[in-house]
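Coordinate analysis (summary)
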Amino acid sequence: MAAKVHVDSSVGERRLRPIYDWLDNGNNKKALQEAEKVLKKQPNFQCAKVLKALALLRLGKEDECMQLLDAVRTEIPCDDSTLQAMTICYREIHNRMLAAERICEIYEAATKKEPNNEELLTHLFMSYVRVADYKKQQQTAMALYKLKPKNPYYFWAVMSVVMQAHKADEKLAKTVVLPLAERMVKKFVSDGKIEAEQEVQLYLMILEMQGKYDEALQVVEGPLGEKLISYVFIPLKRASLLMKLERWRDTNILYKLLLREDMDRWSYYMDYFTSALALLDSGQNDSAKVADSVTPTDSDGSIDARWQVADCTLEMCKDFLSLLLSENEALSRRLRGPYLAYLEFYRRLHERGDNPEEFLGDIVELFMRYFRNFGDKPCCVSDLKMFLPLLPNNRTKDFIQKVNETVGLREGELPSSIRRMQQHISSVQLSRCVGCHMDLNVVDKLALASSLLQYYDHGHTFNRDVLQTEFACNDPYALLAAHILYDVWVDTGSSQHIYDAILVLEYALTVSPSNFHIKLLLLRFYTILGAGGAAHRVYELLDVKHMQLDSLGYYHCNHIFVTGQLAATSALYEATLKFFTGNYKDSADHLTFSYKFGSFLKIEEFVEFRERLKNSLHYALVTIERILFELVISKNFLDTVKYIEGMDVTPEKDKVDWDNLQDNRDVQVITSWDPHLRQVSKEIEHQIFLDDMSFLRIRNLTVRCLAAAVDIGCANESNSPDPKQQHHSDNVEPVMNGEIKDDAISVPRYETFVKICDELLSLYESFTANPTIQVSQNVIGAPLPSRLYGYLASSSCCVLLELFGLIKLLIQDNEDESLTKMASTAAELVTSAVRKASGMIKVHGSDGTDQLAGRRGVLEYVVNTVEMISFAAILCGVGHSLVRPFKATLIGKSKKKKKNCNNQRNQQSQLRRIEVLNKLVSELQGAAEELDSALEYWESLPPTLSVISIFAEDLPSHLQALCLFESEHGNQNGCCNSTRSGLGSAVDTKLYDSHMSSLREIRNLLQVKIKYLSSVKI
């Protein structure tokens, strides 16, 4: 019998192999054919059915796939191949929560059928891990342990209890859940069953979560600590526990010993200073311990004795730092830590109100001691930057003078080696950090930029052996020049200087194609000029992927739409959302592997990581923007309805978890050497977060309002009440005089719509009553201003509110004058916005204007206006759905005699409604056509060289040829008639092509909207 089963199994595997191969190769049609062949021979072959379902799913036939899977599920399969195939199927379906639940259900059924199957129970446990059902995890793990008494299964149960503590409130966790987990581990400790290091680490984690640091320290120092085989883990864990217990003397000595082993570990210094200053504040004196520690052979105060004493006075701390410094200077390769430790100690004493110079000496000399040793290293300025605010204003010139003396380059002298060049770069960066560049006027700043480009050009001689994947050693000169040109743009507002910066950076990128600092600045500058296409190409060069889509993606994703690059917007939104939706699966896999390999300390991190991405502000914003974008580009009302239904937008439910939204964005991604006051501060970060949160609120309510309006229109057109409210609608009578008048529009639908509209109105009024201030553009590291400001500057929200009010009046039986007035107001607002946009385009395109300076602002206003027309078209479609049944009624009744005057009045009222709606649609069409004409004029403007480099004459000749000009002839007006060549011509082309492609895409969308409006006219 066993042999027969084996033969059947091998035959089945042989028949399934071609199906697997076709699926792996992506040929799903062939896989489907092979599966059907197998099922003809074996109609009850469960695995073949599931593989057929998988092929159907990948062919886009999800309904057929689900029917087949449901049929197999009722058969309660237990073989691993079938269950694994079903798991793959469910993971690939659109509804991931449903999929996770179904996976749990199939394994629950299988384990009920075969309760002693260890493999099935393991898969069931992992399925609960994926849905974070910690209680069922615990039960399944204990069932596994009873079946097979293995330590990993038992500690799966313990970890599941610990995770329940994370979900429970703090009081319940500390009084019930965590004590249970502790008892479970203690039982194993007392029975001597602890085997692995991970089990001890889990025990320590449980004790620490309860604040039982004494017991945790006893574990580390006791017999169980011997199982902690990691050399690094034990001393660090011991030091951490001593710190939490505030045993400052032991903590201080331990960190001194750790620093003896690793003098460059910055976290050791931080904790050393914390413990030393805490000892000082507590009044404990450990000086007597010095004599006790010193042996007869080292009574002269040798080094070995001084490592064993806690430093409880400032003098002792100073002596210890001197000890570290002397040991460091004896090394063949000096470390930075001991030098920076003096600056950190100075900072701590300064914050305490002590006089640090009394103990540590002159602050300038401390800086110079570091600079003399590490001024030729790229890390020099980033190390010193955090301590520069300690430098008094009256000492900055003295500091910079000493730095320049150390560099030793006379004015105009070029460095003769890489070391001297890097020292010079550090000196210029430090000058900028202390504010020397802020005091310069525009002419001096441009002269400095030109000088830096001279140094940059000379630096190419040191790049002969640099690989394409490495940063060129002279790149900082180009970056500094770009920063200074940005300063000039902030001062003057002239796009000429941003353009110059782009030329410099584009040239630098050809030499150093891997330098992401250059790409980030180019991305910012192209976006400032409204060149969304050029910015998108730079963004693609950055190769942003995985977590960077959340931490860095906002820099481009938040602004690409308003530059008119609609195709790029769609691709970018899709790539971003694909990462976030895929994160759920990936993080679940990480969790299952953590349980499998006993990495319990990582489980909490992975759960927090998953929640952090789930509650990402950028994720929420892109999700809402993607929905609105698809509504904007929809071709007709039917497409709009299908998309809203497909996205499962539920107006009555706000899916954004506002209380837990997190800002995962790296707002300091651009390296800046600006003074402390012009760095991205916590206040700026908070302001950026609040601005985008406000924008998300208004856009989220807009989506819900539009979805609720479309839902009402569909319900009226289909003449079918909301199935969820069917039991209510049976008792709802048509109500007149300001109430709902159509049976198809149920009360809950209408109330939801009104409620959301009121929320939107209240939010908009709060924004207009209390406007926020934009983050200053002089902070080059800060993200560009939120789209909130451009959106509120347009009439979009006002128009939407008027049209939502119009939909309410169409549902109700209010006075026709109110309807006419509201439609007229909405049309006037749209017309006014279009005329304003047309005026901006004409002014922008007139002779003598800086065309690049205001291009982004004009584009943003135009795109917001087109979006407004798109949403207005959708709401006209809703109005069409609400009014069209009335016209059908009128046509039917016109053949009959009117029974009374009341019917005539109702029919006249209905006719007026149709006229009002048609007039609104006609005016919207006219506005769209007018805007299209203005864009056509803008598109017809000839390409011109908008800006001329102001410092081109001072550049090296080959830089002029490659980057700026081929020849230059001044005319009598002081203008330059130049022939563009090389990169200069390439930048012109990028700017022009980006602008033209934006206008083409916007105009194409406008044509679609004009047709959309034609389709909703009655």
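Residues numbered from 1 in each chain as written. Predicted model: local features only at pLDDT ≥ 70, side-chain atom pairs only at ≥ 80, totals over all residues. Heavy atoms only, no water.

1. Considering the overall build of the protein chain
- Helix and strand counts for the protein chain come out as 45 helices and 0 strands.
- Counting over 1018 residues, the protein chain shows a buried share of 53%.
- By element, 51% of the accessible surface of the protein chain is carried by carbon and sulfur atoms, the whole surface being about 46200 Å². (Helix = DSSP H or I, 4+ residues; strand = E, 2+ residues; numbered from the N terminus. Buried < 20%, exposed > 50% of the residue type's maximum accessible area, 1.4 Å probe, protein only. Areas by Shrake-Rupley, 256 points an atom, 1.4 Å probe, with all protein chains shown as cover.)

2. Details of the pattern of salt bridges
- Under the criterion given, the structure shown has 50 salt bridges.
- Here Arg-352 makes a salt bridge to Asp-281, at a shortest N to O gap of 3.1 Å. Within this pair, whereas Arg-352 is found in helix H19 (residues 337–352), its partner Asp-281 is found in helix H15 (residues 266–282), the two being separated by 71 residues in sequence.
- A salt bridge links Asp-758 to Lys-808, with the shortest nitrogen-to-oxygen separation between them at 3.7 Å. Taken together, the residues Asp-758 in helix H38 (residues 747–769) and Lys-808 in helix H40 (residues 796–811) connect sequence positions 50 residues apart.
- For Asp-758, a relative accessible area of 40% gives the class partly exposed.
- Overlapping salt bridges, with partners in common, bring together Asp-70, Arg-73, Arg-102 and Glu-105 in one network. (Salt bridge = Lys/Arg side-chain N within 4 Å of Asp/Glu carboxyl O.)

3. Remarks on the confidence of the model for the protein chain
- Across the protein chain, pLDDT averages 85, with 87% of residues at or above 70.
- Segment residues 1–7 is flagged for pLDDT under 50; beyond a separation of four residues in sequence, or across chains, it makes 0 contacts in the model.
- Between residues 288–303, whose pLDDT stays under 50, and residues either more than four places distant or in other chains, the model counts 12 contacts. (pLDDT = per-residue confidence, 0-100. Contact = heavy atoms within 4.5 Å.)

4. Brief notes about the side chain of His-559
- For His-559, the location among the structural elements is in the loop between helix H31 (554–557) and helix H32 (566–596).
- His-559 gets classed as buried once you look at its relative accessible area, which sits at 5%.
- Once you skip the residues sitting within four places of it in the chain, His-559 turns out to touch Thr-527, Tyr-554, Leu-784, Pro-785, Arg-787 and Arg-856.

5. Regarding the environment of Lys-821
- For Lys-821, the position within the fold is in helix H41 (residues 816–845).
- The class of Lys-821 is exposed, set by a relative accessible area of 62%.
- Once the C-alpha coordinates of Lys-821 and Val-916 are considered, the two residues, 95 residues apart in sequence, prove to be 9.5 Å apart.

6. Some remarks on the packing of helix H13 (residues 233–244) against helix H14 (residues 248–261)
- Running from amino to carboxyl end, H13 crosses H14 at an angle of 150 degrees, the nearest separation of the two axes being 8 Å. Considered as vectors, H13 and H14 are oriented roughly antiparallel to each other. Crossing geometry of H13 relative to H14 is assigned as left-handed. Of the residues in H14, those in contact with Pro-235, Leu-236, Arg-238, Ala-239, Ser-240, Leu-242 and Met-243 of H13 are Trp-248, Asp-250, Thr-251, Leu-254, Tyr-255 and Leu-258. (Axes fitted to C-alpha atoms, helices over the stretch in contact; angles between N-to-C directions. Parallel < 35°, antiparallel > 145°, perpendicular 65-115°, else oblique. Left-handed = near helix turned anticlockwise from the far one by under 90°.)

7. Focus: the nonpolar core
- If you look at the biggest cluster of nonpolar residues, it comprises 296 residues, and the most contacted ones within it are Phe-399, Phe-525 and Tyr-526.
- Residue contacts for Phe-525: discarding those within four places in its chain leaves Ala-482, Tyr-486, Ile-498, Ala-501, Ile-502, Leu-505 and Ile-780.
- The next biggest cluster of nonpolar side chains, apart from the first, holds 38 residues, and it includes Leu-39, Ala-53, Leu-69 and Cys-78. (Core = buried A, V, L, I, M, F, W, Y, C linked by side-chain atoms within 4.5 Å.)

8. Some remarks on the packing of aromatic side chains
- Applying the stated criterion across every chain, the model contains 30 aromatic pairs.
- A centroid spacing of 5.3 Å and a plane angle of 45 degrees characterise the contact between Tyr-486 and Trp-489, whose relative ring orientation is tilted. A residue pair is termed a helical-turn pair when its members lie 3 or 4 positions apart in one helix, as Tyr-486 and Trp-489 do in helix H26 (residues 475–492) at 3 residues.
- A relative accessible area of 1% places Tyr-486 in the buried class.
- With centroids separated by 6.1 Å and ring planes inclined at 90 degrees, the aromatic side chains of Tyr-573 and Phe-629 adopt a geometry described as edge-to-face. Remark: Phe-629 occurs in helix H34 (residues 617–633) and Tyr-573 occurs in helix H32; sequence separation between them is 56 residues.
- Taking relative accessible area as the criterion, Phe-629 reaches 4% and is therefore assigned buried.
- What links up through ring pairs into an aromatic cluster is the set Tyr-272, Phe-273, Trp-307, Phe-320 and Phe-345.
- Over the aromatic face of Tyr-342 sits the side chain of Arg-369, whose NZ or CZ is 4.4 Å from the ring centroid.
- The ring of Trp-658 has Arg-697 lying over it, and the distance from NZ or CZ to the ring centre is 4.3 Å. (Phe/Tyr/Trp six-rings, centres within 6.5 Å; stacked < 30°, edge-to-face > 60°. Lys NZ or Arg CZ within 6 Å of the ring centre and 35° of its normal.)

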